[in-house]
Amino acid sequence: MRLCFYYKIGGKSMGKRELLIIVAFVVVGTVVYQVTAPPSTGTRSFSLGEIFNSARREMRGNPGRATVTHTETLDVPATIHELRVLRVSHDVQVVGEARDTIEYAFAVTSTGPDDTVANEYATRTVLTRDEVGTTLILRAQYPAEASQTATLIIKVPARLVARVDNATGVTISGVSGAHIEAARGEITMSQIAGAVTGTHQDGRLTVSAARSVKVRLTRTRSRFEDVSGGLTLDLRDGDSTILRSAGLLEIDETRQELTITEHQGPVTVRGSDGRVTVTGPSRAVTIDVRRTEVEVALTRGVPVTVINTDQTVRLILRGAPAFTLNAATSDGAIQAADVHLTPETGRSDTRLTHVFGAPGGPSVTIRNTRGNIVIRKGA
């Protein structure tokens, strides 16, 4: 089997022969430098082996590696209400406690030409402190040499709002508010007394026991539970679950797999190209979408409005909810045999109206275009 190697330089392909020519130039240049360089003050003599060792070290880059953990305790003035963490690249953990100081462990891993120099680079990587108004900023400062990654475990007064920017992997708990900006990876926020806000993409987000949530998510698998004061979600290309939450729920979605279960408050969903499932709502539900599979499972009579195109709308009846149904579809069908009802079929429209339970119940209105409507009983 013949192996071929190609590299791209200036938009043109470079093959094995050109690569060998470049390597030869590097070796020749190293030899010329060693021959013509001023004599060393030490006792080491010139050798061809040392020339190749030097060239090999250059090609290997920075093989050294070291980790240093910096620890510190900081006083927090009463005027400070927010902590902001900047430029810590991985695994930031913020824990709110009944305390008046900030205590952190800042672990830095650095590369270098050898382990000793890598340890020096890691030692030179520090967290700097800056106060701007009511915000305390902790910013990581890295040396220009080699490359460093850092993690942070920080304990803070529970009264603070915690904000973390541009980190992959964040855990925040026990604080008065939390904000993530341009976060990635695994994000977990719990026991937040106030609002959770921010942006996230490419990973998982879990929020539990928060007062409220307002976030924008892209390619995120998210879960929200026990949020007491409402959620505002902008969702793109992912899947989300909202469970046992309350307050006003407003969602804009695109290509989202969305599941809402036992939400105690009004629900509004707008968007396209996905799937929306609402189970056991307690207040009014409004769904205005396009090309989206929709399923609403009623355990009680609540006002429902669904507008959709090009995909099926399912209304599932669990128990005996009382409501008045007004359903119509253009260029589609209504399937209601499971509840022993026959729709009225016109030239291009199909309609079904019916009172379930006692008269005077809330209205359930469904409109679909080029899609079916299914009404059936559920377990």
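Undergrad: Mind laying out the pattern of salt bridges, listing which residues take part and the relevant values?
TA: The tally for this structure, following the rule as stated, stands at 23 salt bridges. Residues D202 and R184 are paired through a salt bridge, measuring 2.9 Å at the closest nitrogen-oxygen approach. Among the residues examined, R184 registers a relative accessible area of 37% and is labelled partly exposed. Two residues, D310 and R370, come together in a salt bridge whose shortest N-O distance is 2.8 Å.

Undergrad: Can you break down the pairing of strand β19 (residues 323-330) residue by residue, with the values?
TA: Where β19 and strand β22 (residues 349-356) come together, 8 bridges link them in antiparallel fashion. Within β22, the residue paired with A327 across the bridge is L352. Summarising the sheet, β19 and strand β23 (residues 363-369) pair through 7 bridges and their orientation is parallel. Within β23, the position partnered with T324 by the bridge is S363.

Undergrad: How would you explain the confidence of the model for the chain if you had to name every residue and give the values?
TA: When pLDDT is low, close inspection of the predicted coordinates is not appropriate. Averaged over all residues, the pLDDT of the chain is 89; the fraction at 70 or higher stands at 84%. Under a pLDDT of 50 for its full length, residues 1-13 has, in the predicted model, 12 contacts with residues more than four places off or in other chains. With pLDDT under 50 throughout, residues 39-46 is counted as low confidence; its partners more than four residues away or in other chains account for 4 contacts.

Undergrad: Any details on the side chain of T309? Residues and values, ideally.
TA: Its place among the elements puts T309 in strand β17 (residues 304-309). A residue is classified by how much of its surface remains accessible, and T309, at 12% relative accessible area, is buried. A distance of 2.8 Å separates a polar atom in the side chain of T309 from a polar atom in the side chain of D310. Setting aside its immediate chain neighbours within four residues, T309 contacts V289, R290, R291, T292, N368, T369 and R370.

Undergrad: Can you explain the environment of L249? Please cite residues and give values.
TA: Summarising the element assignment, L249 is placed in strand β14 (residues 249-261). According to the relative accessible area criterion, L249 is buried, its value standing at 0%. Beyond its immediate stretch of four places on either side in the chain, L249 contacts L231, I242, I260, H263, P266, V267 and T268.

Undergrad: Which residues make up the pairing of β17, and what values go with them?
TA: Relative to β17, strand β16 (residues 285-298) runs parallel, the two being bridged by 4 bridges. What sits directly across from D288, in β17, is I307. Bridge count for β17 against β23 is 6 bridges, and the pairing is parallel. Across the sheet, V306 pairs through a bridge with I366, a residue of β23.

Criteria and thresholds
- Residues numbered from 1 in each chain as written.
- Predicted model: local features only at pLDDT ≥ 70, side-chain atom pairs only at ≥ 80, totals over all residues.
- Heavy atoms only, no water.
- Salt bridge = Lys/Arg side-chain N within 4 Å of Asp/Glu carboxyl O.
- Buried < 20%, exposed > 50% of the residue type's maximum accessible area, 1.4 Å probe, protein only.
- Pairing = 2+ DSSP bridges.
- Helix = DSSP H or I, 4+ residues; strand = E, 2+ residues; numbered from the N terminus.
- pLDDT = per-residue confidence, 0-100.
- Contact = heavy atoms within 4.5 Å.
- Polar contact = N/O pair within 3.5 Å; in protein donor to acceptor, adjacent residues only side chain to side chain.

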